[in-house]
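The primary structure of each chain is shown beneath.
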Amino acid sequence: MQYAAAEQAWYMPSVVAESAAARVERLASESAVVVFSVSSCCMCHAVKRLFCGMGVHPTVHELDLDPRGRDLERALARLLGGYGHAAAPVVPVVFIGGKLVGAMDSVMAAHINGSLVPLLKEAGALWL
C-alpha cells in the first residue's frame, strides 16, 4: 500500500493551483517594476516606452499571450476598483516595488507631478 501512495504522488501535482489574485500579487512582487499589458494595446505600449525612456526596464506580462490572461485581467479589474467592463480594457496596470500604482492615468499623473521618479528609486528600478 505504501508503494501505491508513493507512485500516486509521482503524477499528482504538488502545487495547488493558485488563484488569479494570488498570481497577480506574486508576479507583481517579483520585480521592481511590473506591467500587466496586452501586446496590441497602444496605451500599454506607451507606458512601456515611458519606462524604457527613463532607463527603467519593467517586467512585462502580456495577458493576451497567457493562457490564464482573462482571469488575471478580471483580478486586476477588481484591484482597480471595478474598472474593466467588457468594452473597457483594464490594461496597462503598473506595480512599482510590489505596490499597485494603477492604470495609465495614475502612472502619467505620477510622472507629471514628479512622484514617479522617487517611487522608482525607492523600488530600486532607477539609480539616478
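The name an unreviewed UniProt entry gives the protein is Glutaredoxin domain-containing protein, with Eleusine coracana subsp. coracana as the organism. Its UniProt record gives the protein the following Function (unreviewed entry) comment, quoted word for word: "Has a glutathione-disulfide oxidoreductase activity in the presence of NADPH and glutathione reductase. Reduces low molecular weight disulfides and proteins."

S.K.: Hey, could you go over the pattern of salt bridges for me, with residue numbers and the actual values?
M.R.: Within this structure, the stated rule accounts for six salt bridges. Taking the shortest distance from any N to any O, the salt bridge between Arg23 and Asp66 comes out at 2.8 Å. Note that Arg23 is positioned in helix H2 (residues 20–29) and Asp66 in the loop between strand S2 (59–62) and helix H4 (69–79), a separation of 43 residues in sequence. Across the pair, Asp66 and Arg23 agree in class, each one buried. The closest approach of N and O atoms between Arg74 and Asp71, which form a salt bridge, is 2.6 Å. In this pair, Arg74 and Asp71 both sit in helix H4, three residues apart, roughly one turn of the helix. The exposure class assigned to Asp71 is partly exposed, which follows from its relative accessible area of 31%. Because the salt bridges share partners, they merge into one network encompassing Glu18, Arg26 and Glu30.

S.K.: Can you lay out the environment of Leu119 for me, pointing to particular residues and giving the numbers?
M.R.: Examined against the element boundaries, Leu119 turns out to sit in helix H6 (residues 116–123). For Leu119, a relative accessible area of 33% corresponds to the partly exposed category. Residue contacts for Leu119: discarding those within four places in its chain leaves Ile96 and Val101.

S.K.: So what's going on with the nonpolar core? Which residues, and what values?
M.R.: Judged by nonpolar contacts, the single largest core of 20 residues is most densely connected at Phe36, Leu76 and Phe95. For this core, the secondary-structure elements that each account for two or more residues are H2, strand S1 (33–37), H4 and strand S3 (93–96). Once residues within four sequence positions are removed from consideration, Phe36 is found in contact with Val24, Leu27, His61, Leu63, Leu76, Val91, Pro92, Val93 and Phe95. With 16 residues, the next largest nonpolar core counts Val33, Met54, Met104 and Ala125 among its residues.

S.K.: Help me get a handle on the sheet that holds strand S4 (residues 99–102), residues and values and all.
M.R.: Taken in spatial order, the four strands of this open sheet run S2-S1-S3-S4, and their pairing is mixed. Either end of the sheet is taken by a strand with one partner, and the two such strands are S2 and S4. Each adjacent strand pair in this sheet contributes to an overall mean axis angle of 25 degrees, direction not counted. As paired strands, S3 and S4 are joined by three bridges and run antiparallel to one another. Its bridge partner being in S4, Ile96 is matched across the sheet by Lys99. In the packing of H6 onto the sheet, contacts are made with S1, S3 and S4, and the angle to S3 comes to roughly 55 degrees.

What counts and what doesn't
Each residue is numbered by its place in its chain's sequence as written, counting from 1. Local features are withheld for residues below a pLDDT of 70 in this predicted model, meaning they are given only at 70 or higher, and side-chain atom pairs are given and counted only at 80 or more; totals for whole chains, interfaces and linings count all residues. The basis for every side-chain value is the complete set of non-hydrogen atoms in the structure, without hydrogens or water. UniProt positions are given in the numbering used here, feature names are shortened, and annotations may be inferred rather than shown by experiment. Criterion for a salt bridge: a side-chain nitrogen of Lys or Arg within 4 Å of a carboxyl oxygen of Asp or Glu. Put simply, DSSP marks the helices as runs of H or I at least four residues long and the strands as runs of E at least two long, and each gets a number from the N terminus on. Only protein chains enter the calculation, and the probe is 1.4 Å; a residue is then buried if its accessible area is under 20% of its type maximum, exposed if over 50%, and partly exposed in between. Contacts are assigned to residue pairs with any non-hydrogen atoms lying within 4.5 Å of each other. Among buried residues, the Ala, Val, Leu, Ile, Met, Phe, Trp, Tyr and Cys ones that are joined through side-chain atoms within 4.5 Å form a nonpolar core. Any two strands are treated as partners once DSSP identifies two or more bridges connecting them. Angular values range over 0 to 180 degrees, each being the angle between N-to-C directions of two axes fitted as lines to C-alpha atoms, with helices fitted over their stretch in contact.

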